[in-house]
Amino acid sequence: MGRSILIQFISVILVILSITTTNADDPYRYFTWVVTYGTIAPLGVSQQGILINGQFPGPQLDCVTNDNIVLNVINNLDQPFLLTWNGIKQRKNSWQDGVLGTNCPIPPNSNYTYNFQPKDQIGSYIYFPSTGMHRAAGGFGALNVYSRPRIPVPYADPSGDFSLLIGDWFKTSHKSLQQTLDAGSALPFPDGLLINVQTHSSFTADQGKTYKFRVSNVGMSTTFNFRIQSHKLKVVEVEGSNVLQNVYDSVDVHVGQSLSILVTLDQAPMDYYIVASTRFTDVVLTATALLHYSNSNMQVSGALPAPPAGEYDWWNLTANAARPNPQGSFHYGMIPISKTFVLANSAPLINGKQRYAVNRVSFIYPDTPVKLADYFNIPGVFSLNSIQSSPSEGSPYLTTSVLGTSLHDFIEVVFQNDENVLQSWHLDGYDFWVVGFGAGTWTPASRTSYNLVDALTRHTTQVYPNSWTAILVSLDNQGMWNIRSTMWGRQYLGQQLYLRVWNSIKSFANEYDPPTNMLRCGRAI
């Protein structure tokens, strides 16, 4: 107990010393999260889970745009640990991103205090462990950024707000799953699908009112389709981007994605099924919950609402208004592209073991985070442009892959998927315009199909089998940023890289200095 109090006291002092990396005009919110193991049984089989302050899933982190979040994480596990804040841009502050390329992990029986700000962001996000296979044991939760009263959103305030963390789950422990991957095998198919880590949950609401459902895919590998019996779903926000408010019977949510849905309780008072079921899988996993009308005395009845009949849905959401670039001077579709990267995923065997690769490179983490090596000019940790900017023929290999770019570049990234499985890609530090999908192999002529008018911005996008997805990114956020598969077994075995966004002029206007409480490891000690 004494050690824990001492850790918290030291943490507060270090945070005060590093306070210059945040905006003193905005409110501060302070949190202390203690990370421990605990016995859980979400699928009826006892297993070791990761709890935060004794909670599984972790606490819901609610804040308001531009709040300064000061969050002390105390690691009481027997392994190093990090949390990453999925979709939070960490403006000028990749030091707080919480991935192994930017941060040394928190050692066992130690702590680290994150100090970050959801600058100019409003929407539904998640956090989760980025170390090892900890994500398969818990430690994740909802991260909801609300608008200030003077910043309107393009829909009426709902009567209530529900966060639904939905994802596939394994009965096998996270340590055993990691051993499977380390031994050179792919992850098995999941054992089940959960809504808020339960097989049965209920959400109570009032007839005639409208509620916001924040739906996130916190799983490891599978897309799910979400629907509510006899109710329509109005999608209003996707990962911080307000979208054209279309109404759907159901929506697909790919791994790592989040969206907000308005649901009006306009049916007869009774209970209704909330359903999530896996998509594009030979075996369909299904999870159910209940939407309970507060004035209902009738139990749920009837069959579960069916999933969509089509295999792939090639529509793309659009923004609810034409979007300017972050500087506000030109529309994104009019900005000249400075660089193009075509990133092709693959699933090679390297040295007889299953790996995953991008442009033939299977990423491996060095002993020192690439961000620290870059800042302190430590040689031998990574080589800039150690991955080619487009696919090429040759044998796959292992290395620490980093792509070099310049601050204020406007880049085109094409995710090329020549495999027979759906992919989901995420970029830290940014959101991006999703401008195109297409079957087959991307070519420069594919640009004629781009949406250059009203594409939405998001941080995670799907790539359908034997297809491509194109995004445009305005590189206005200096730092070292992770591009990764959100399918965690693939990420762990190499389907990721880092994007170095660089300006040689050292300026507080471009990037914050390292925090005074920065953890050091490897060659940065």
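These remarks concern the structure in this document. (Residues numbered from 1 in each chain as written. Predicted model: local features only at pLDDT ≥ 70, side-chain atom pairs only at ≥ 80, totals over all residues. Heavy atoms only, no water.)

Along the chain, the regular secondary structure elements total 4 helices and 36 strands. Compactness check: the chain gives a C-alpha radius of gyration of 22 Å against a globular reference of 24 Å for 525 residues, within 12% of the reference. A principal-axis box enclosing the C-alpha atoms of the chain has dimensions of 70 × 65 × 55 Å. The buried share of the chain, reckoned over its 525 residues, is 58%. Nonlocal contacts in the chain, meaning residues at least 24 apart in sequence, comprise 78% of its contacts between residues at least 6 apart. Accessible area of the chain: about 20,000 Å², with a carbon and sulfur share of 53%. Distance from the positive charge centre (32 side chains) to the negative charge centre (35 side chains) of the chain: 5 Å. (Helix = DSSP H or I, 4+ residues; strand = E, 2+ residues; numbered from the N terminus. Rg over C-alpha atoms; globule rule 2.2 N^0.38 Å. Buried < 20%, exposed > 50% of the residue type's maximum accessible area, 1.4 Å probe, protein only. Contact = heavy atoms within 4.5 Å. Areas by Shrake-Rupley, 256 points an atom, 1.4 Å probe, with all protein chains shown as cover. Lys, Arg positive; Asp, Glu negative; His and termini not counted. Charge placed at Lys NZ, Arg CZ, Asp CG, Glu CD.)

Moving on, we get to the nonpolar core. One finds Trp33, Val73, Leu83, Trp85, Tyr114, Tyr127 and Leu143 to be the most contacted residues of the largest nonpolar core, which totals 41 residues. Residues Tyr248, Val253, Ile261 and Tyr272 belong to the second largest nonpolar core, which totals 34 residues. (Core = buried A, V, L, I, M, F, W, Y, C linked by side-chain atoms within 4.5 Å.)

With the rule as written, the count across this model stands at 26 aromatic pairs. On the basis of an interplanar angle of 20° and a centroid distance of 6.2 Å, the ring pair of Tyr28 and Tyr30 is categorised as stacked. With a relative accessible area of 24%, Tyr28 lands in the partly exposed category. Ring geometry for Phe415 against Trp425: centres 4.9 Å apart, planes inclined by 15°, an arrangement best described as stacked. With Phe415 in strand β29 (residues 410–417) and Trp425 in strand β30 (residues 423–427), this pair connects stretches of sequence that are 10 residues apart. Residue Phe415 is classed as buried on the basis of its relative accessible area, which comes to 3%. Linked through ring pairs, Trp33, Trp85, Tyr112, Tyr114, Phe116 and Tyr127 together constitute an aromatic cluster. (Phe/Tyr/Trp six-rings, centres within 6.5 Å; stacked < 30°, edge-to-face > 60°.)

What follows concerns the pattern of salt bridges. Summed over the entire model, instances satisfying the criterion amount to 17 salt bridges. Here Asp431 and Lys89 are joined by a salt bridge, their closest N and O atoms 3.2 Å apart. Taken together, the residues span a long stretch of sequence, with Asp431 in the loop between β30 and β31 (432–439) and Lys89 in the loop between β5 (83–86) and β6 (110–116) at a distance of 342 residues. Judged by relative accessible area, Asp431 falls into the partly exposed class, the value being 22%. (Salt bridge = Lys/Arg side-chain N within 4 Å of Asp/Glu carboxyl O.)

In terms of burial, strand β8 (residues 141–146) is largely enclosed, as 5 of its 6 residues are buried. Sheet topology note: the strand β3 (residues 61–64)/β8 ladder contains 4 bridges and is parallel. Bridge pairing in β8 links Val64 to Tyr146. In terms of strand pairing, strand β7 (residues 123–129) meets β8 through 5 bridges, oriented antiparallel. Bridge pairing in β8 places Tyr125 opposite Leu143. (Pairing = 2+ DSSP bridges.)

All right, on to empty space enclosed by the protein then. Over the atoms, a rolled probe matching the size of one water molecule traces out where space is still vacant. Tallying each qualifying case throughout the model produces 5 cavities of 30 Å³ or more. In this model, the second largest cavity occupies a volume close to 70 Å³. Surrounding the second largest cavity, Leu82, Trp95, Thr102, Asn103, Cys104, Tyr112, Leu372, Pro515, Met518 and Leu519 form its lining. Residue classes in the lining of the second largest cavity are distributed as 8 nonpolar, 2 polar and no charged. (1 Å grid on protein atoms, 1.4 Å probe; cavity = no way out; pocket = protein on both sides within 12 Å on 5 of 7 lines; lining within 4 Å. Points joined across faces, edges and corners; volume = space filled by probe spheres on them. Nonpolar A, V, L, I, M, F, W, Y, C, P; charged D, E, K, R; others polar.)

Moving on, we come to the state of the cysteines. In total, this model carries 1 disulfide according to the counting rule given. Each sulfur in the disulfide pair Cys104 and Cys521 lies 2.1 Å from the other. When the S-S torsion is -85°, as for the bridge of Cys104 with Cys521, the disulfide is left-handed. Linking Cys104 in the loop between β5 and β6 with Cys521 in the segment after β36 (496–502), this pair joins segments that are 417 residues apart in sequence. Classification of Cys104 by relative accessible area gives buried; the value is 4%. (Disulfide = S-S within 2.5 Å.)

A few words now on the layout of surface pockets. For the second largest pocket, the calculated volume is near 590 Å³. Along the wall of the second largest pocket there are 27 residues; nearest its centre are Phe189, Ser221, Thr222, Val421 and Met487.

Spatial strand order, β2-β1-β4-β6: 4 strands in an open sheet with mixed pairing. The strands lining the two open edges of the sheet, one partner per strand, are β2 (47–52) and β6. Going from strand to strand, the sheet's axes swing by 20° on average, the running direction of each strand aside. Summarising the sheet, strand β1 (residues 28–40) and strand β4 (residues 68–75) pair through 8 bridges and their orientation is parallel. Counted as the bridge partner of Val35 is Asn75 from β4. (Axes fitted to C-alpha atoms, helices over the stretch in contact; angles between N-to-C directions.)

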